[in-house]
Every structure is written in C-alpha cells, then in structure tokens.
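Reading the structure
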Amino acid sequence: MSAPSPVAAAAPAHRLRTARRVVVKIGSALLVDSRSGRTHRTWLDALTDEVAMLRQRGQEVILVSSGAVAVGRRVLGLTEVGRPLRLEEKQAAAAAGQIRLAHAYQEALAHHDITVAQVLLTLDDSENRRRYLNARKTLDQLLALGVVPVVNENDTVTTQEMRFGDNDRLAARVAAMVSADALVLLSDIDGLYTADPRQDPAARRLDEVRAVTPEIEAMAGAAGSTMGTGGMVTKLIAARVAMDAGCAMVIAPGKGLAPLGALEAGGPGTWFLPAQEPRAARKRWIAGALQPEGVVTVDAGAARALTHGKSLLPAGVTRVEGAFQKGAPVRIVEGDGRRLGVGLCAYPAEEARALVGHRSGDIEALLGYHGPDELVHRDDLALTLGGETT
Ligand SMILES: Nc1ncnc2c1ncn2[C@@H]1O[C@H](COP(=O)(O)OP(=O)(O)O)[C@@H](O)[C@H]1O
Ligand SMILES: N[C@@H](CCC(=O)OP(=O)(O)O)C(=O)O
C-alpha cells in the first residue's frame with residue numbers, strides 16, 4: 001500500500017499556519033458599512049494586526065480586497081436606495097472608492113511598518129499569458145521585497161457587468177498565479193452548508209471538501225447580503241480554481257476581530273483540500289494544459305543542467321523555432337530531437353532568437369533592455385522525462 005499523501009494528512013487548521021504564501025480575500029460587506037459607506041477601521045486594524053503576525057512568522061501575504069464600489073458610491077453621492085447602479089456609475093464609484101480603500105490599507109499596515117502596494121488586475125490578466133507572467137513576476141517581486149500587495153479588480157477597464165463575487169474568483173486566480181498554499185475567503189458565513197442556511201434551518205456545515213462534485217455544487221444557493229451578492233456559487237468556482245492549482249482554500253467567518261487567529265485555533269470554516277501541492281499542480285498545468293507554440297533546441301550541457309533542476313539560459317540554446325509571444329509555452333528538445341519537456345519562454349520568439357548562444361550578461365546589449373537572465377525559468381519548466389512530470 002502506498003504511503004498516505006502528506007497533503008491529505010495535514011489537519012486543515014494547520015494549513016494556515018504552515019502555508020508559505022497566503023492569499024486572504026476580504027468582501028465588501030466585511031470592510032464597508034452599508035449605510036455610511038465608511039470602512040470599518042477597528043475591524044481593518046485588527047485584521048492588519050493578524051497580517052503582521054503572519055509576516056513576522058515568515059509567511060508571505062497577499063490581500064484581495066473588495067469595497068471600492070461600496071466606498072465610492074457614498075463619495076460620489078450615488079446613494080439612492082434601491083436603484084441599481086449602471087455599469088459606468090459603478091466604474092466611477094470604483095475609481096473614487098479604490099483610492100480611499102488603498103489609503104485605508106496603507107494607514108492600517110503602516111502601524112506595523114509594512115509597505116503596501118496596490119495591484120489592479122482584470123480577470124483576463126490571468127488568462128492572457130504575457131500579462132499573466134508579468135503580473136506573477138510583479139507579485140513575486142513585491143513579496144520578495146517584504147511588501148503586502150493589496151489586489152482588486154481593475155474595475156475601470158472591465159467590459160462586462162461588474163458582479164459582486166467576482167473577487168472570489170479573482171482571489172483564486174491570484175492564488176493560482178503565485179502558487180499560494182492557502183487561500184482564505186473571509187465571508188459573512190462560516191462555511192459551506194448542505195443547503196443555504198437562510199432557507200433551510202436543518203442545513204449542516206461541512207468541515208472539509210476534497211472535490212467540488214455536482215453534489216457539492218447543488219448545495220450553493222444565490223446571493224446573501226445586499227452588498228455581497230456572489231453567494232456560494234462564486235466561492236465554489238474559486239475552490240475549483242484553487243484546488244486545481246494545488247492551493248487549499250477555506251471559507252471562514254470574517255466578522256470577528258481576529259478571523260485568522262480563530263481559524264488557526266480550530267474555529268469553524270470549510271476547507272477545500274487539493275490532492276497535490278502547488279508546485280506539482282503548476283508543472284502538470286504547464287506540461288498538460290498548454291499547446292506549445294514554438295520549439296527551443298538546447299545543447300547537451302543545457303539538457304544536463306535542466307535535468308538537475310536548473311533554469312534554461314540562452315547560452316545553452318542552439319535554435320528557436322516558431323512565432324510566439326513572451327510567456328508562451330514552448331517545447332524544449334535536445335539536438336537529436338529528444339523531447340525534454342515544455343516551458344514558458346520569458347522572451348518573445350524574435351528576441352529569443354537574438355539571444356541564442358549568448359551569455360546572460362550580454363542580454364541588455366543585445367535587446368536594449370535588462371530582461372531576465374533565464375530564457376525559461378525553472379519554475380516555468382515541466383520536464384517530461386520517462387513519462388514523469390518534474
Ligand atoms: N450552501 C450554502 N452554504 C452557505 N451559505 C450559502 C449556501 N448557499 C447560499 N449561501 C449564502 O451565501 C452567502 C455568502 O455569500 P456572500 O454574501 O456573497 O458572501 P461574502 O459577501 O461574504 O463574500 C451566505 O450568507 C448564504 O446566505
Ligand atoms: N471590485 C469590486 C468588488 C467586487 C466583489 O467581488 O465584491 P464582493 O462580493 O464584496 O467580494 C469593488 O471593489 O467594489
């Protein structure tokens with residue numbers, strides 16, 4: 001019998017404490033007072049105390065925060081009760097609210113000497129590979145510099161109807177993008193119930209979910225509060241995205257003043273536990289889900305380096321074929337045609353061709369800008385040797 005997977009064995013409550021990278025999503029209803037449109041400062045201060053505690057323990061934290069529309073509505077006087085805002089009004093509200101939201105986070109985290117950076121993304125940024133790679137690298141860089149990124153959707157450029165609950169999915173995409181180990185969705189409810197507890201008093205909360213099956217999906221009803229309207233449906237979509245990326249997700253109650261501490265102490269929540277870890281999930285995604293758009297041939301020395309876990313440097317490349325953009329998946333082969341694997345190329349095809357056989361130190365002189373040293377970074381590389389993805 002094979003040994004049980006350490007991923008499945010870890011007790012859910014420890015997931016948060018042991019996670020290297022944590023994404024915490026904060027909904028509008030938790031952060032913004034529905035009547036006054038003001039942020040709940042005491043709540044935010046308490047949450048940022050917890051974020052500081054996680055940082056002190058050496059954990060990296062990304063916050064995905066909603067609330068721009070709710071804050072901006074009041075600022076712009078778009079407060080007629082009962083009238084839904086038009087898309088352009090919501091976008092205007094988001095623009096006016098976002099700057100205040102960012103400021104609130106900046107002030108709250110400044111008490112702990114933590115620098116905040118605002119990152120506005122569209123859902124599409126995680127789908128378009130070139131922008132995806134840039135967003136991932138920016139977030140990586142911010143985390144490496146000890147910064148806490150505060151992410152929201154870039155509501156100004158969104159072309160679709162802005163729906164509450166979008167940030168549940170955005171948070172999951174961000175968690176997948178940065179290979180986070182844990183995603184916490186702080187909610188007005190303490191987890192997933194067998195049915196909407198507002199409708200069914202006999203509904204029971206689930207502690208753990210290991211796969212989002214149709215049976216689980218059937219449990220999710222529509223929206224809850226007046227401000228948050230995503231309900232459980234978007235949370236389950238988020239769970240799927242997170243789990244596919246090897247990230248554990250938890251829906252936990254956020255109203256209290258120390259929601260993360262409560263969760264760590266074994267408080268209520270529903271954990272969605274993936275079958276594998278983020279690194280393995282990402283390699284599987286690169287190797288399996290993407291259609292290669294080019295071929296990069298490497299010499300024997302580079303092939304050896306790759307099998308020893310190194311990145312691919314331009315010096316070991318002998319040929320680049322195809323027309324592709326930065327971030328595209330490319331097949332990596334040896335001179336004799338033997339397939340080594342698939343990787344995401346850090347340069348577009350033309351630039352990659354210009355770098356063939358050159359030392360990384362020459363990149364700036366060749367391209368006129370200071371790009372990455374690696375043509376394919378080892379984190380973006382899935383070797384498929386002997387049928388195994390590594
Ligand atoms: N099966 C379910 N389990 C738990 N809550 C559910 C379920 N189905 C629907 N809901 C509703 O979803 C709401 C949470 O969604 P929402 O209010 O959008 O969350 P938030 O604003 O906290 O992100 C709950 O208050 C609950 O009324
Ligand atoms: N981007 C929007 C939030 C969208 C959203 O998903 O809201 P919520 O359901 O409260 O998490 C805003 O900042 O107002």
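Residues numbered from 1 in each chain as written. Chains lettered and ligands numbered in written order. Predicted model: local features only at pLDDT ≥ 70, side-chain atom pairs only at ≥ 80, totals over all residues.

Considerations on the domain arrangement of the chain
Structurally, the chain comprises domain 1 (6-276) and domain 2 (284-389). Inter-centroid distance (C-alpha atoms) of domain 1 to domain 2 is 35 Å. The interface is formed by four residues belonging to domain 1 together with five residues belonging to domain 2. Split by residue class, the side of domain 1 that touches domain 2 holds two nonpolar, no polar and two charged. (Domains from an automatic or database assignment. Contact = placed C-beta atoms within 7 Å. Nonpolar A, V, L, I, M, F, W, Y, C, P; charged D, E, K, R; others polar.)

Points about the UniProt feature "domain: PUA" (unreviewed entry) in the chain
As annotated in UniProt, the feature "domain: PUA" (unreviewed entry) corresponds to residues 294-376 in the numbering used here. For residues 294-376, the end-to-end C-alpha separation is 13 Å, with 24% helix and 25% strand making up the annotated structure. (UniProt positions renumbered as here; feature names shortened; annotations may be inferred. Helix = DSSP H or I, 4+ residues; strand = E, 2+ residues; numbered from the N terminus.)

Concerning the UniProt feature "binding site: substrate" (unreviewed entry) in the chain
Sequence positions flagged by UniProt for "binding site: substrate" (unreviewed entry) are, in local numbering, S66, D155 and N167. Separation in sequence by 102 residues is not matched in space for these annotated residues, since their most distant C-alpha atoms are only 10.9 Å apart. Within the fold, D155 resides in the loop between β4 (148-153) and α8 (166-177). Mapped onto the fold, N167 is located in helix α8. Beyond its immediate stretch of four places on either side in the chain, N167 contacts K25, V64, S66 and E153.

Thoughts on the environment of L47
Mapped onto the elements, L47 comes out in helix α4 (residues 41-56). In this structure, the C-alpha to C-alpha distance between L47 and G261, residues 214 residues apart in sequence, is 9.6 Å.

Focus on unusual backbone geometry
Positive phi outside glycine occurs at D113, with the angle close to 55 degrees. For D113, the location among the structural elements is in the loop between α6 (87-110) and β3 (116-121). Residues other than glycine seldom take positive phi values, yet S179 does so here, at roughly 50 degrees. Turning to its location among the elements, S179 is positioned in the loop between α8 and β5 (182-187). Its 19 C-beta neighbours within 10 Å are what place S179 among the partly exposed residues. (Buried ≥ 20, exposed ≤ 12 C-beta atoms within 10 Å, placed from the backbone.)

Description of the packing of helix α5 (residues 68-75) against α6
Relative orientation of the contacting elements α5 and α6 amounts to 100 degrees, with a least axis distance of 6 Å. The orientation of α5 relative to α6 falls into the category roughly perpendicular. Contact with α5, carried on its side by A68, V69, A70, V71, G72, R73 and V75, involves K90, A93, A94, A95, A96, G97, Q98, R100 and L101 of α6 and no other residues of that element. (Axes fitted to C-alpha atoms, helices over the stretch in contact; angles between N-to-C directions. Parallel < 35°, antiparallel > 145°, perpendicular 65-115°, else oblique.)

Brief notes about the environment of L30
Relative to the helices and strands, L30 is located in helix α3 (residues 28-31). Along the sequence, L30 and Q291 sit 261 residues apart, while their C-alpha atoms lie 41 Å from each other. Every residue in contact with L30, bar those within four places of it in the chain, is listed here: W43, L186, D188, G254 and K255.

Comments concerning the pairing of strand β12 (residues 339-344)
In terms of burial, β12 is largely enclosed, as five of its six residues are buried. Here five bridges tie strand β11 (residues 329-334) to β12, and the two strands are oriented antiparallel to one another. By the bridge assignment, R331 is partnered in β12 with V342. Once β11 ends, the chain turns through four residues before running back antiparallel as β12, passing G337 with a positive phi of about 90 degrees. One ladder, built from three bridges, connects β12 with strand β13 (residues 381-385); its direction is antiparallel. The partner of G341 across the bridge, within β13, is L383. (Pairing = 2+ DSSP bridges.)

A few points about helix α13 (residues 300-307)
By the burial criterion, the buried members of α13 are A302, A303 and L306. One side of α13 holds all its buried residues, which, seen down the axis, span an arc of 105 degrees. Exposed positions of α13 whose direction lies more than 90 degrees from the buried face are A300, G301 and R304. Close packing links the buried residues of α13 with β9 (295-298), β10 (317-321), β11, β12 and β13. (Arc of directions from axis to C-beta.)

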